[in-house]
Amino acid sequence: MTSQPADRVAYNHDLTPAEDAGIEGRFQQRPGPSLSRQTPHTKSSYSQEARAARRASAASRAAYDVPDTYENLGETANIPPVQNPDEESVHRYETLEQERAREQSYARDRRCQDEDPETRAAVQAEEKAEAASYPVSKKETQIYTLSYLIFFSIFGTLARLGLQAITIYPGTPIIFTSVWPNFAGSMVMGFLAEDRMLFRQELGSSSSNGADTERGSVSVDSEGARKAHLAIKKTIPLYIGLATGFCGSFTSFSAFMRDVFLALSNDLPVTDAPSRSGGHTFLALIAIPLITISMSLAGLFFGAHMAIFLEPYTPSLPFLFTSKILDRLIVLLGWGCWLGAIIMSIFPPHDSWRGTATFALVFAPLGCLLRFYISLRLNSRAPSFPLGTFSVNIFGTAVLGMSWDLARLPVGGVIGCQVLQGIQDGFCGCLTTVSTWVAELAVLGRRHAYIYGAGSVGTGLVMLVAIMGGLRWGDGWNPLVCTH
């Protein structure tokens, strides 16, 4: 599930001095043996130089004062899906475990500094001076981030429900609809994780003195550009809103696990066979995880490849527009859309809207925000096992299983059934995520990726068998009393 092990360096000895210079920049401050080569200049790498020049920036100053815990978000990891986009002859691959270990080391150093009163006072004074220099304060950054998460969780939910609706048609080759939002959301996640141009103006204007793109020479500070991109991109509230809010809400791990259980119980739609053998049940059980995980990973890497391919044509979002206009406007849009969904649930134009959309939009921001805060608290606990993403996926799956059962009991009436449907589509759909999950699988070490992936699917299935299986194989499910 990962490209190469972290300790593997792929190389050949036919390197130009230009490539050598780029490699030395990439290896600065990285562990591992040093590689020294002296080879003649034999070829040109103009396309790579031009790409590096576009990525280069004169400034690496963040505009937003973000909490240190934002480092723990799976969507803001410093490791993109494609670690060697220029297909360089020498490249050292990193894993999520290495990044998390560095973050833990930083946190330990901070705790040690806090134990010394003099050091703590000096650090606090330095942080206070640094915070005063940010154009956007920490409090403003947090407000903008929450507003983006609310706004994009609502639109991510609408995108998921809409895509599921249009993929239900007679003769469809894939009878479980959760696969399409998971594929599409993972594709958007891959594009955002790999893209280096959309938020380029956040890094500052490009330096004409910092890059020399003449053929046959490389003087681009590729290491500086890489550090600026990785350090600043994940501090931008709009990026967090798109990656954590939209992609995380567009995809749904709980819906994926629900379809796995329905395949096990022979309850998927348009399956007319009254019974089947144990072998057929096993094939149905493994088909949905294989298809969903394969398509989601394929979507992640396809999105990343599209970001690389479209890099010369991708525009940059104007910094003044995003920081001065959009950030402030999103506060009104995000909270206003949430309030609008609540009002439409109370006074719907049609009663069926509650079950099909409005209740889901009411619960969607709650699930997204809970996933955001749990990821901040738990993802850094175990470098090789993203505990935050795992926890929200399993908890959301359990809540969906309970809501599914309650909706099929003769209690609550139509409104109760619609509320439970909204909890499944909105709260559970936004609390759980496949896009972040496969993004983590792609950059974990191979052994840890298989443990994390199999552990997530296995635990989720066991949870649903315990919750949904008792009623399904006991008294049985009653038909839904609501229209959706």
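Residues numbered from 1 in each chain as written. Predicted model: local features only at pLDDT ≥ 70, side-chain atom pairs only at ≥ 80, totals over all residues. Heavy atoms only, no water.

(A) Focus on the overall build of the chain. Across its full length, the chain holds 16 helices and 2 strands. Here the chain holds 484 residues, and the buried ones make up 52% of them. As displayed, the chain offers around 21600 Å² of accessible surface, 63% of which is attributable to carbon and sulfur atoms. (Helix = DSSP H or I, 4+ residues; strand = E, 2+ residues; numbered from the N terminus. Buried < 20%, exposed > 50% of the residue type's maximum accessible area, 1.4 Å probe, protein only. Areas by Shrake-Rupley, 256 points an atom, 1.4 Å probe, with all protein chains shown as cover.)

(B) Examining unusual backbone geometry more closely. Positive phi values are uncommon outside glycine, yet Asn266 reaches one of about 60°. Counting through the fold element by element, Asn266 comes out in the loop between α9 (253–264) and α10 (278–309). Classification of Asn266 by relative accessible area gives buried; the value is 19%.

(C) Looking closely at the pattern of salt bridges. In total, this model carries 2 salt bridges according to the counting rule given. Ionic pairing is found between Asp259 and Arg258, a salt bridge with its closest N-O pair at 3.3 Å. Given a relative accessible area of 3%, Asp259 falls into the buried group. Taking the relative accessible area as the measure of exposure, Arg258 reaches 13% and is therefore buried. Taking the shortest distance from any N to any O, the salt bridge between Arg472 and Asp267 comes out at 2.5 Å. Within this pair, whereas Arg472 is found in helix α16 (residues 446–472), its partner Asp267 is found in the loop between α9 and α10, the two being separated by 205 residues in sequence. For Asp267, a relative accessible area of 27% gives the class partly exposed. (Salt bridge = Lys/Arg side-chain N within 4 Å of Asp/Glu carboxyl O.)

(D) Geometry of the state of the cysteines. This model, assessed by the stated rule, comprises 1 disulfide. The cysteine Cys368 is free of any disulfide, with Cys430 supplying the nearest cysteine sulfur at 6.1 Å. Free cysteine: Cys428, not disulfide-bonded; nearest cysteine sulfur from Cys430 at 9.7 Å. (Disulfide = S-S within 2.5 Å.)

(E) Main features of the confidence of the model for the chain. Looking at the chain, the pLDDT average stands at 79 and 73% of residues meet or exceed 70. Per-element confidence in the chain ranges from a low mean pLDDT of 41 for helix α1 (residues 17–26) to a high of 96 for helix α13 (residues 387–407). Across residues 205–221, confidence stays below pLDDT 50; counting only partners more than four residues off in sequence or on other chains, it has 37 contacts. (pLDDT = per-residue confidence, 0-100. Contact = heavy atoms within 4.5 Å.)

(F) View of helix α15 (residues 435–443). When you tally the buried positions in α15, you get 9 out of 9 residues, the bulk of the element. Those residues of α15 lying buried are Ser435, Thr436, Trp437, Val438, Ala439, Glu440, Leu441, Ala442 and Val443.

(G) Expanded view of the environment of Leu387. By the element assignment, Leu387 lies in helix α13. Between the alpha carbons of Leu387 and Tyr452 there is a distance of 9.4 Å; along the sequence they are 65 residues apart. Apart from the residues within four sequence positions on either side, Leu387 is in contact with Leu378, Asn379 and Arg381.

(H) The arrangement of the UniProt feature "transmembrane region" (unreviewed entry) in the chain in detail. The feature "transmembrane region" (unreviewed entry), as given by UniProt, occupies residues 146–168, 174–193, 236–257, 282–308, 329–347, 353–373, 385–404 and 449–471 in the numbering adopted here. Secondary structure across residues 146–168 divides into 91% helix and 0% strand, with the first and last C-alpha atoms of the span separated by 33 Å. Across residues 236–257, helical content stands at 86% and strand content at 0%; the span's end C-alpha atoms are separated by 32 Å. (UniProt positions renumbered as here; feature names shortened; annotations may be inferred.)

(I) Geometry of the packing of aromatic side chains. Here the structure, examined in full by the defined rule, presents 15 aromatic pairs. The interplanar angle of 70° and the centroid separation of 5.7 Å between the aromatic rings of Trp404 and Trp477 together place this pair among those described as edge-to-face. In this pair, Trp404 sits in helix α13 while Trp477 sits in the segment after α16, placing the two residues 73 residues apart along the sequence. Both residues of the pair, Trp404 and Trp477, belong to the buried class. Of the aromatic side chains, those joined through ring pairs into one cluster are Tyr148, Phe151, Phe152 and Phe155. Sitting above the plane of the Trp477 ring, Arg472 keeps its charged end 5.8 Å from the centroid. (Phe/Tyr/Trp six-rings, centres within 6.5 Å; stacked < 30°, edge-to-face > 60°. Lys NZ or Arg CZ within 6 Å of the ring centre and 35° of its normal.)

(J) Representation of the packing of α13 against α16 in the model. Taken N-terminus to C-terminus, the directions of α13 and α16 make an angle of 20°; their axes are 9 Å apart at the nearest point. One way to sum up the angle between α13 and α16 is to call them roughly parallel. The interaxial crossing formed by α13 with α16 has right-handed handedness. Taken together, the residues of α16 that come into contact with α13 (itself represented by Thr389, Phe390, Ile394, Thr397, Ala398, Gly401, Met402, Trp404 and Asp405) are Tyr452, Gly455, Ser456, Thr459, Gly460, Met463, Leu464, Ile467, Met468 and Leu471. (Axes fitted to C-alpha atoms, helices over the stretch in contact; angles between N-to-C directions. Parallel < 35°, antiparallel > 145°, perpendicular 65-115°, else oblique. Left-handed = near helix turned anticlockwise from the far one by under 90°.)

(K) Structural context of α9. Given a rise of 1.5 Å per residue, 12 residues ought to cover 16 Å, and the 17 Å separating the end C-alpha atoms of α9 matches this to within 8%. Where burial is concerned, most of α9 is hidden: 11 out of the 12 residues are buried. Of the positions making up α9, those classed as buried are Phe253, Ser254, Ala255, Phe256, Met257, Arg258, Asp259, Val260, Phe261, Leu262 and Ala263. Check the buried side of α9 and you find it contacts α6 (179–194), α10, α13, α14 (413–431), α15 and α16. (Expected span 1.5 Å × (residues − 1).)

(L) Representation of the side chain of Thr358. Within the secondary structure, Thr358 is located in helix α12 (residues 352–378). Dropping the residues within four chain positions of it, Thr358 is found in contact with Ala341, Met344, Ser345 and Trp353.

(M) The arrangement of the nonpolar core in detail. Judged by nonpolar contacts, the single largest core of 43 residues is most densely connected at Tyr64, Leu238 and Phe372. Secondary-structure elements contributing two or more residues to this core are α5 (138–166), α6, α8 (237–250), α10, α11 (319–346), α12 and α15. Once residues lying within four places of it in the same chain are set aside, the contact partners of Phe372 are Tyr70, Leu73, Thr145, Leu146, Leu149, Ile240 and Thr244. Counting residues in hydrophobic clusters, the runner-up holds 36 residues, among them Ile174, Leu262, Ile293 and Leu461. (Core = buried A, V, L, I, M, F, W, Y, C linked by side-chain atoms within 4.5 Å.)

(N) Spotlight on the packing of α8 against α12. Direction vectors running N to C along α8 and α12 enclose 120°, while the axes themselves pass 10 Å from each other. Comparing their axes, α12 and α8 come out oblique. Crossing handedness for the pair α8 and α12: right-handed. Across the interface between the two elements, Ile240, Thr244, Gly245, Gly248 and Ser249 of α8 pack against Cys368, Arg371 and Phe372 of α12. Residue composition of the contact of α8 with α12, grouped by class: 3 nonpolar, 4 polar and 1 charged. (Nonpolar A, V, L, I, M, F, W, Y, C, P; charged D, E, K, R; others polar.)

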